[in-house]
Amino acid sequence: MVDYGIVLGLLGVVSGAASLIYSRSQVVAARRQAEEATRATLLESNREISVRLQQVRSRFFKVPGIIEELQNTRPEIAEAVESVGGNEVYYFFRDVMDTFEDIFVLRRSRIVTDEHWRVWTGSQMAVYAGLPRFQTVFKLTKKEGFLDPDFVRFFEPLLEGKSVRDPIVPAGNGSTTRLPRLRRPRSK
């Protein structure tokens with residue numbers, strides 16, 4: 001004879017375990033959603049800050065007497081501005097640099113896709129890195145500590161015409177422009 005009490009008790013235990021597993025997966029999914037929402041909020045905040053920085057920088061050189069003040073207080077910046085062709089050129093290259101740094105940070109955070117990364121490193125970053133005036137501004141911003149040190153280490157090989165390493169691929173994993181592909185084990 002089957003004791004229905006034992007059977008029902010075992011079914012209750014199994015049902016309880018299944019409920020625990022299901023609720024655990026729901027907690028993990030909710031945590032993941034919260035992390036993605038936080039990430040999206042941070043991205044939007046960073047975008048707003050970048051826009052404000054560009055607006056402030058664009059107005060900086062319009063301040064009457066600012067070039068003279070730079071000559072007196074920060075002659076190296078004033079010299080760089082003059083050597084690259086003036087404040088508009090300097091400002092343009094600083095914006096380009098900030099954009100490259102943003103792309104680097106987003107790639108390091110695994111937000112920029114492989115396709116976009118190849119476009120940025122191949123047809124944008126490499127072109128600008130070869131321009132002497134861009135190099136002048138880059139060297140100044142590096143010296144002054146205006147750029148993220150990781151970005152500087154990443155970007156410097158481009159100044160020498162070399163390729164760069166993808167910031168999300170650990171050293172020694174081959175390709176400089178895409179994530180390593182998973183290899184299927186060969187069947188014997």
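Scope of this entry: the structure provided in the associated data block. In this text the structure is predicted, and so the values were computed from the model without any measurement.

Regarding helix α1 (residues 4-60)
- With 57 residues, α1 should reach 84 Å at 1.5 Å per residue; the first-to-last C-alpha distance of 83 Å fits that figure.
- The opening residue of α1 is D3, an N-cap whose side-chain oxygen sits 3.1 Å from the backbone nitrogen of G5.

Quick word on helix α7 (residues 149-159)
- Within α7, the full set of buried residues consists of F151, V152, F154, F155 and L158. Looking down the long axis of α7, one finds its buried residues gathered within 170° of arc, a one-sided arrangement.
- Structurally, α7 contributes buried residues whose contacts are with α4 (87-108), α5 (114-129) and α6 (132-144).
- Capping the start of α7, D148 holds a side-chain oxygen 2.8 Å from the backbone nitrogen of D150, two or three residues further along.

Quick word on the pattern of salt bridges
- All chains considered together, the criterion is met by eleven salt bridges.
- As a salt-bridge pair, R107 and D114 come within 2.9 Å of each other at their nearest N and O atoms.
- Accessibility expressed as a relative area gives 21% for D114, which makes it partly exposed.
- Note that D150 and R153 form a salt bridge whose closest N and O atoms lie 2.3 Å from each other. With D150 and R153 both in helix α7 and three residues apart, this pair spans about one turn of that helix.
- According to the relative accessible area criterion, D150 is partly exposed, its value standing at 34%.
- R153 sits in the exposed class, given a relative accessible area of 53%.
- Linked through salt bridges whose partners overlap, the residues forming this network are R108, D148, D150 and R153.

The rules behind the values
Residues numbered from 1 in each chain as written. Predicted model: local features only at pLDDT ≥ 70, side-chain atom pairs only at ≥ 80, totals over all residues. Heavy atoms only, no water. Helix = DSSP H or I, 4+ residues; strand = E, 2+ residues; numbered from the N terminus. Expected span 1.5 Å × (residues − 1). Polar contact = N/O pair within 3.5 Å; in protein donor to acceptor, adjacent residues only side chain to side chain. Buried < 20%, exposed > 50% of the residue type's maximum accessible area, 1.4 Å probe, protein only. Arc of directions from axis to C-beta. Contact = heavy atoms within 4.5 Å. Salt bridge = Lys/Arg side-chain N within 4 Å of Asp/Glu carboxyl O.

Interpretation note: all reported values are geometric properties and have no functional meaning in isolation.
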